[in-house]
Amino acid sequence: MSIRFLRRRVRAPFVFRSLVVAILLCPAAALAGTGDDAIAVSVDQAKLVKLPERVATIVVGNPLIADVTMQPGGMIVVTGKGYGATNVIAMDRRGDILVDRVIQVGGPSDQVVTIYRGVERESYSCMPICQRRVTLGDGESYFKSTIDQAGSLSMQATGGAAAAPKN
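Figured I'd write up the structure that's included with this text. Not measured: the values here are computed from a predicted model.

1. Here's the deal with the environment of Val 55
If you trace the backbone, Val 55 turns up in the loop between strand 2 (46-50) and strand 3 (57-60). Classification of Val 55 by relative accessible area gives buried; the value is 12%. When the C-alpha atoms of Val 55 and Val 99 are compared, they prove to be 9.0 Å apart, with 44 residues separating the residues in sequence. Every residue in contact with Val 55, bar those within four places of it in the chain, is listed here: Met 70, Ala 90, Met 91 and Leu 98.

Shown next as structure tokens:
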């Protein structure tokens, strides 16, 4: 056997392996590129995002996950409503798609302590003192009582301000 033949025979598996690795990594590289375009927001938080000025229509894939409100000057407010991923599509007056981005809604970013009482769950925001916090997935009675207390406090504050004497 010649040396040339042996070199080709040794080189062939390396070339084949390199080709297989490149084919396998190509989809991963493509997916990694789209991750930079995702809009990440926490549940119950809002984020401002700049879009092109000529946006006329906004479409949200799943409004239970995120709410999007258009503002003047090409700004949108993205509010996390529920956990998960959805998308937002921005179109101009002719219906041409200007932007199609993924919205990732994650858990709260503050320091949350979760307490389980059997199957019931309670959430507390601990920054620095722990206070009741309403979080998706909390037990129904805890969720309702916390919302009722917040509503009652808000009504008293509003009613108190309206009843305050005028100077």
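Having seen it, we continue.
2. Description of the nonpolar core
Core analysis: the biggest nonpolar cluster contains 17 residues, and Leu 51, Val 68, Val 78, Ile 103 and Val 105 have the highest contact counts within it. If you list the elements that add at least two residues to this core, you get strand 1 (39-42), strand 4 (66-71), strand 5 (75-80), strand 6 (84-91) and strand 7 (97-106). Counting residues per element, this core draws most heavily on strand 7, at 3 residues. Excluding its chain neighbours within four sequence positions, the residues that come into contact with Val 105 are Val 41, Ser 42, Val 43, Ile 65, Ala 66, Gly 80, Lys 81, Gly 82, Tyr 83 and Gly 84.

3. A short note on the sheet that holds strand 10 (residues 130-133)
The sheet built from 3 strands is open, its strands ordered 8-9-10 with antiparallel pairing. On the outer flanks of this sheet lie strand 8 (112-117) and strand 10, each paired with one strand and no other. Taken pair by pair, the neighbouring strands of this sheet meet at an average axis angle of 35°, ignoring direction. Note that strand 9 (residues 120-126) and strand 10 share 4 bridges and pair antiparallel. By the bridge assignment, Ser 125 is partnered in strand 10 with Gln 131.

4. Digging into the packing of aromatic side chains
By the definition in use, this model includes 1 aromatic pair. Where Tyr 124 meets Tyr 142, the ring centres are 5.9 Å apart and the plane angle is 55°; that geometry is what we call tilted. On the criterion of sequence distance, the pair formed by Tyr 124 in strand 9 and Tyr 142 in helix 2 (residues 140-163) is long-range, its members being 18 residues apart. Residues Tyr 124 and Tyr 142 agree in their burial class; the two are buried.

5. Looking at the pairing of strand 5
A one-sided burial pattern is seen for strand 5, the buried positions being Ile 76, Val 78 and Gly 80 and the unburied ones Met 75, Val 77 and Thr 79. Bridge count for strand 2 against strand 5 is 5 bridges, and the pairing is antiparallel. In the strand pairing of strand 5, Leu 48 is matched with Val 77. Where strand 4 lies against strand 5, 6 bridges are found, and the strand directions are antiparallel. Each residue of the ladder has a partner; that of Ala 66, found in strand 5, is Gly 80. Counting the residues between successive antiparallel strands, the hairpin from strand 4 to strand 5 contains 3 residues, one of them, Gly 73, with a positive phi of roughly 80°.

6. Focus on the environment of Cys 130
Tracing the chain through its elements places Cys 130 in strand 10. The residues contacting Cys 130, other than those within four sequence positions of it, are Tyr 124 and Ser 125.

7. Let's talk about the side chain of Thr 146
Secondary-structure assignment places Thr 146 in helix 2. At 2.8 Å, the side chain of Thr 146 forms a polar contact with the backbone oxygen of Tyr 142.

8. Describing the sheet that holds strand 3
Across the sheet, 4 strands lie side by side as 1-7-6-3; this open sheet has mixed pairing. A single partner strand is all that each edge strand has here, and the edge strands are strand 1 and strand 3. On average, adjacent strands in this sheet sit at an angle of 25° to one another, irrespective of strand direction. For strand 1 and strand 7, the ladder comprises 4 bridges, and the chain directions are parallel. Bridged to Ser 42 within strand 7 is Gly 106.

Rules used throughout
- Residues numbered from 1 in each chain as written.
- Predicted model: local features only at pLDDT ≥ 70, side-chain atom pairs only at ≥ 80, totals over all residues.
- Heavy atoms only, no water.
- Helix = DSSP H or I, 4+ residues; strand = E, 2+ residues; numbered from the N terminus.
- Buried < 20%, exposed > 50% of the residue type's maximum accessible area, 1.4 Å probe, protein only.
- Contact = heavy atoms within 4.5 Å.
- Core = buried A, V, L, I, M, F, W, Y, C linked by side-chain atoms within 4.5 Å.
- Pairing = 2+ DSSP bridges.
- Axes fitted to C-alpha atoms, helices over the stretch in contact; angles between N-to-C directions.
- Phe/Tyr/Trp six-rings, centres within 6.5 Å; stacked < 30°, edge-to-face > 60°.
- Polar contact = N/O pair within 3.5 Å; in protein donor to acceptor, adjacent residues only side chain to side chain.

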